Each structure stands twice: as C-alpha cells, then as structure tokens.
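Spelled out, the chains give:
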Amino acid sequence: MDEVLDRDIIDAVRRFVDRDVIPVASDLEHRDEYPHALVARMKELGLFGATIPAEHGGLGVGFGTYARLMEELSRGWMSLAGVINSHLIMAYIITHHGTAEQKARFLPAMARGEKRGGLALTEPHAGSDVQSIRTVAKRAGEDYVLSGSKMFITNARHGTMLAVAAKTNPTAKPAYAGISMFAVEKSERGPTVSRNLKKLGYKGIDTCEVLFEDVPVPAANLIGGAEGQGFKQVMSALEVGRINVAARAVGVAQAAFESAIRYSQQRVAFGKPICQHQAVQLMLADMATRLEAARLLVANAARKKDAGERCDLEAGMAKLFASEACAKISLDAMRVLGGYGFTVEFPVERFYRDAPLMMIGEGTNEIQALVIARRLLELHAI
Amino acid sequence: MKILVPVKRVPDPATTIRVLPDGSGIATDNVKWVINPFDEIAIEEALRIKEKQGGEVVLVAVGQQTWQEQLRTGLAMGADRAILVRSEAALDTLAIARLLAKIAEEQKPDIIILGKQAIDDDSNQVGQMLAEMLGWPQATFASKVEFQDRKCTVVREVDGGLETVAFDLPAIVTTDLRLNEPRYASLPGIMKARKKELKEIPADSLGVDLTPKLKIKKLDPPPKRQAGRKVASVEELVQVLHNEAKVI
C-alpha cells in the first residue's frame, strides 16, 4: 500500500474525528451513552474492515497505518477505538487461524460491520493469567456446549459475536494446551450479557459481564477446526493488541497535550500568558517529548509487525511506555489548566480518567515489564 | 446525465491564515489544503443526481500538480473521473472560466455544478462567466435542484427569501451552503479512487488567452480582535451598544 493512500485514509479519519467526534465526545461520555450514530458513521467509513485483508472484503491496511487510525480515534474519544479494536482482534484471529470456510463465512460481513465482534478471554478471576480460565466447552454431537462466565468484555452488548476462549480439555497439562477458541454468534440461546460495568473512564461503550449457561455452539465454529490451539491463537493477536493500546495512549496524550498548549496561550497570569512562564514551558516541553517518544515506539513496533518480524518486545515496550506517558501527560495537562482542568467543562478530566485503562488493559504494565525482561534475558543469554 | 463539477483547492477553513509581511499573499507553510467547501457541496449534489438517474460525474480543476489531492478526494467521494488542467501560474477568474468553457465544449456535460464562490478569494464570478461564454442558462446560489426530463428547477437563496427558477439543460448551477451536507469519502472509496482516471492537460494547450486582467496588489490581515469588557447592568449594556458600538 502506498504512502499517499495511507495518508489519505488517515486524513479521512482525522476529519471524521474533528467534525463528528470531538463536538459530542464529552457529552456522550458523561452520560455513559453508547454512540450509536458514531458507530454507524464508522461503519460507513469502512473502519470495521481496516485490517481485514482485501481478498476478504476489508481494506487490508498495515499495522503502521492501523496504529495511526487508532491514535486519531482516541484523540477524539478513546472508547471508539475499543469498538473497532476488539472487533479487529477477533477478525485477526479468524484471518490467521480460521479455516477457509470460517474466513469466507465471517470476514466479509465483519469488514462491512454487519457482524461486529469482540474478544471474550478475561474471566472474573483470570485476567493476565489466561491459562487459569474456567469456561469449559464440551463436545455434544455437532455442537460444543459452553459454560462459564467472562468479564470486562468490550462490544458484548452491541456486538453480534465474540471470540471466546474455553477449555475443551480442563485437565490438560500444561493447562494452556486445553484451551480452544470459538466464534460465538449471539442468539436467544445465549450467551447472556448479565450487566454493563460502571467504569472510571472508557465510558459509553459496553464493557460487560457475559454468562454462558450451556450455550450450544456449532463445532464448525471452533476456530481452526482443531482443539487445543486457542492459547497460541490468542497470543498471536496480543502483539496487535499491544500496538493498539499503545496507539490509543498516544491519541489520548495528543489530545491532552493539545488542550494544554492551547489553554496556556490563552490564560493570563501575572501579566502574561502562562505559556511564557518557565514552569509551564518545562511541562509543555516534557509532555511533547514523551508524546513524540511514545509515538515513535508505536511506529517502530508496527513497522516490525508489518515486515512480518516478531515484535513482542517492541510492542510491549511501546505499550508500557506510551500508557505511562499518557497518564503523566494527561495529569500535566490538568496542572496546566489548573482548576478548569479539574472541571467537566474541559475535556482534560476525561483524558485523565481514560489514561489508566491503557496501563491495565491488554496485560497490566507490570506483566508487560516482566514479559519485556524475560525476552531481554533470552536475547542476551550468556 | 453527464455532470461536470469544477473544483478549487483552498486552505482548510479551520486553519489560521497568516498574511505574508509584504502583503503579496498568504504563508502556505503549515496550511492544510481542502476542496473548496462550496465545491464539495457541488460534488455531493452531482453524486445524488447520478445516484437517482444514472450518468457520470466528471471533476475538473485548474491548477498545479498538488491539486490532484483534492481531485482524488472528490473521486473517493464517488466521482467517476477527473481532469486536471495544469497551470503553474496562478490564473484570474476570467482565464479559469475560459479554460473551463473549453473543457465543457469538449466534454459536453448536461449540467455544470460548481460552488457559488471559493472561500479563499470570494470572487463569485466563475459560474456566471462560464454561463455567458457557453450561452447557457444559469441558476446561482442554489438551495434545491430538481429535474424533470430536460428541464431543471432550482430554488435560489436571494436576499430576504427564496426564488424558484426553471430552465432547459444544458445549464450552470452554483451551490449555496444549504443545498446538502457533503458525504465523507469512505476508506474503501479512497482505495477505489486510486484506480480512477485522472487526466492532465497543460493549460497552454487549450488555445485560451490566459493573460491576467486582474492583479492582486496587496493583502491585509483583518484587524486584531479587541478584548471584551464587562458591563454592570442591562441599562449600561444598552447604552454602550447604542452610543459606542452603534449597533442598536
């Protein structure tokens, strides 16, 4: 894909964010209201097919461009990136591990946004420790029957399907060898979305608890057609997930920085705009430097991914650094805005509340650091 | 119906414009360029007509190579093909109207739809000149366009109200703000636009007199906005509005 085309695509999304998202984001967020109209616009734009290969009806953009798209959406409202990303993680798993029949059945409709997916991995007692999930899938004739519960599932209420991790062999040793992934389409037989979770930030979109009470799923929906592949399939999508979370952090941080640098030129204290006070200048310089570094780390991880190289280390570093930078930058932006930053009249409080999600989601930053260290020790073994 | 839509490249209305110190033009570094918003409305109208009754939407621009970007955006919105009349020099409205008239003679559209004016120089001339040169009827400032066979009815926004005019095709329509709300170029549309025809023609190959009749002597930035001030009461406000601002 050529550079001009990528730039045009990013521009189109930036325009959508400026025109349609920014004017309504804070209001919808404060009311914790699902952005149906914006999601419909994103469907029209073709965002649901962003990384789905062209031969399956998507745009087939590279991860470098995808990261920029997620950054743009998050600059407007981070929740929108969640709607797209969980969907595309599911599409990624089907693209890379699904059977030809599954790809043909799911991907074109997913690219059009008619089928909207999510990833149901986390359980009430199992987050970063994926192997300890308890949801089980028992073979019964042509179906598997799923039972268990999933937690913090994005798109569960408004999406139409979920990629669900469940144990087809609960006693397997090692435990991960017993995990399989299923493409579950919601129907009257389940699963049940039991409740929407109230959150500090990342509002407006559905983050739910999902119950599987003996939900039958056709065996044809076992992703890849063989049991025990689920752990590997999920792990393969994690690099993409981390690049995405890092890109979201860059987008939120960009928005916070823009708010701060604009306000600092308008607000006058002690006879001059506060941007002319060195205390504020130091903050602005620090914010912009961290932001730039975060963006470059994301771009580097995405470039490796696009080149087909392993990038768990780079993606992990990007996620770790960008999310911490985002938290600091959004807090600094609040300092620059002073009392106004603390009010809901300015969007900075929203950025500040959204920032922690990126430190926690897609593997907490502590886990991230451990993964980075483990990989470093592999690379530098003596 | 074959629809020709002339398109101009202008600075994004959202960008802050800085006038060069010598007043010869504007600083173009850091300026984002877009399709003139009125022309975008023209493209949208053309696409809606095509969707209703079939046909072809052809874009045309007169400018430098960089103008391809705006033509590509129009193609991404759904136009079928585009023509760029290449001119390195900036041309005045008369020269542009002459070039567009040439293109119209060659392309033989049923209707030409264009913005009522460009938001950069606000000339509001090209549509009218074009109508004169081609000898076609014109309806400027359109807020509604309808067709019946080869007849077109346009509701025009005039001072203090609306005027409805009807005429035969071929004709010129210039668009006002309320005609429609332009669509986005969708991402698949952007990808498809890459494969659509974008033909370049050198302006000096069309046998048109391009000598400028108009010269911009100087640009002045608008005066800096004065700081506001607070008044204590409604009475004082009315006093100030009447005596100082002289607006009531």
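Before reading on, note that the structure itself is shown above.
Figured I'd write up the structure that's included with this text. Worth saying up front: this structure is predicted, and the values here are computed from it rather than measured.

**Some details on the overall build of chain A**
Here comes step 1: The secondary structure content of chain A amounts to 11 helices and 9 strands.
Here comes step 2: Relative to the 2.2 N^0.38 estimate, which gives 21 Å for 382 residues, the radius of gyration of chain A is 21 Å and therefore close to what a compact globule would have.
Here comes step 3: For chain A, the C-alpha atoms occupy an extent of roughly 80 × 55 × 40 Å along the three principal directions.
Here comes step 4: Sequence separation of at least 24 residues holds for 74% of the intrachain contacts in chain A that already meet a minimum separation of 6.
Here comes step 5: Counting only carbon and sulfur atoms, one obtains 56% of the accessible surface of chain A, whose full area is about 16,100 Å².

**Concerning the overall build of chain B**
Here comes step 1: Scanning chain B from terminus to terminus reveals 6 helices and 11 strands.
Here comes step 2: Summarising its shape, the C-alpha atoms of chain B cover approximately 65 × 45 × 40 Å along the three principal directions.
Here comes step 3: Here chain B, with 248 residues, has 46% of them falling under the buried criterion.
Here comes step 4: In chain B, of all internal contacts separated by at least 6 residues, the share reaching a separation of at least 24 is 70%.
Here comes step 5: A total accessible area of about 13,500 Å² is found for chain B, and carbon and sulfur atoms account for 52% of it.
Here comes step 6: Here chain B holds 35 positive side-chain charges and 36 negative ones, and the gap between their average locations is 3 Å.

**Observations regarding the interface of chain B and chain A**
Here comes step 1: Facing 12 residues of chain B, the contacting portion of chain A comprises 19 residues.
Here comes step 2: Joining chain B to chain A, the criterion identifies 2 salt bridges.
Here comes step 3: Here E40 of chain B ties to R15 of chain A by a salt bridge, and the two come within 2.8 Å at their closest N and O atoms.
Here comes step 4: Counting the contacts that link chain B with chain A gives 4 residue pairs in polar contact (both at pLDDT 80 or more).
Here comes step 5: With 4 residues, the top contributor of residues to the side of chain B that touches chain A is helix α5 (residues 187-193) of chain B.
Here comes step 6: Residue classes in the side of chain B that touches chain A are distributed as 7 nonpolar, 1 polar and 4 charged.

**A word on the pattern of salt bridges**
Residues and elements named next belong to chain B.
Here comes step 1: All chains considered together, the criterion is met by 52 salt bridges over all chains.
Here comes step 2: Across the pair K50 and D80 runs a salt bridge whose closest N-O atoms are separated by 2.9 Å. With K50 in helix α1 (residues 37-53) and D80 in the loop between α2 (68-77) and β5 (81-86), this pair connects stretches of sequence that are 30 residues apart.

**Notes on helix α3 (residues 93-107) of chain B**
Here comes step 1: Look at α3 of chain B: 20 Å from first C-alpha to last across 15 residues, which is about the 21 Å you get at 1.5 Å a residue.
Here comes step 2: Among the residues making up α3 of chain B, those that are buried are T93, A95, I96, A97, L99, L100, A101, I103, A104 and Q107 of chain B.

**Re the sheet that holds β5 of chain B**
Residues and elements named next belong to chain B.
Here comes step 1: Judged by pairing direction, the sheet is mixed, and its 9 strands sit side by side in the order β9-β8-β7-β10-β6-β1-β4-β5-β11 without closing on themselves. The two strands at the open ends of the sheet, each matched to only one other strand, are β9 (161-168) and β11 (198-202). Across the sheet, the mean angle separating the axes of adjacent strands is 30 degrees when strand polarity is ignored.
Here comes step 2: Relative to strand β4 (residues 56-63), strand β1 (residues 2-6) runs parallel, the two being bridged by 5 bridges. Within β4, the residue paired with P6 across the bridge is V60.
Here comes step 3: In the packing of α2 onto the sheet, the strands contacted are β4, β5 and β11, and the crossing angle to β5 comes to about 165 degrees.
Here comes step 4: In the packing of helix α4 (residues 126-134) onto the sheet, the strands contacted are β6 (111-115), β7 (138-148) and β10 (171-175), and the crossing angle to β10 comes to about 175 degrees.

Reading the values: rules and limits
- Residues numbered from 1 in each chain as written.
- Chains lettered and ligands numbered in written order.
- Predicted model: local features only at pLDDT ≥ 70, side-chain atom pairs only at ≥ 80, totals over all residues.
- Heavy atoms only, no water.
- Helix = DSSP H or I, 4+ residues; strand = E, 2+ residues; numbered from the N terminus.
- Rg over C-alpha atoms; globule rule 2.2 N^0.38 Å.
- Contact = heavy atoms within 4.5 Å.
- Areas by Shrake-Rupley, 256 points an atom, 1.4 Å probe, with all protein chains shown as cover.
- Buried < 20%, exposed > 50% of the residue type's maximum accessible area, 1.4 Å probe, protein only.
- Lys, Arg positive; Asp, Glu negative; His and termini not counted.
- Charge placed at Lys NZ, Arg CZ, Asp CG, Glu CD.
- Salt bridge = Lys/Arg side-chain N within 4 Å of Asp/Glu carboxyl O.
- Polar contact = N/O pair within 3.5 Å; in protein donor to acceptor, adjacent residues only side chain to side chain.
- Nonpolar A, V, L, I, M, F, W, Y, C, P; charged D, E, K, R; others polar.
- Expected span 1.5 Å × (residues − 1).
- Pairing = 2+ DSSP bridges.
- Axes fitted to C-alpha atoms, helices over the stretch in contact; angles between N-to-C directions.

In short, geometric facts, not functional conclusions.
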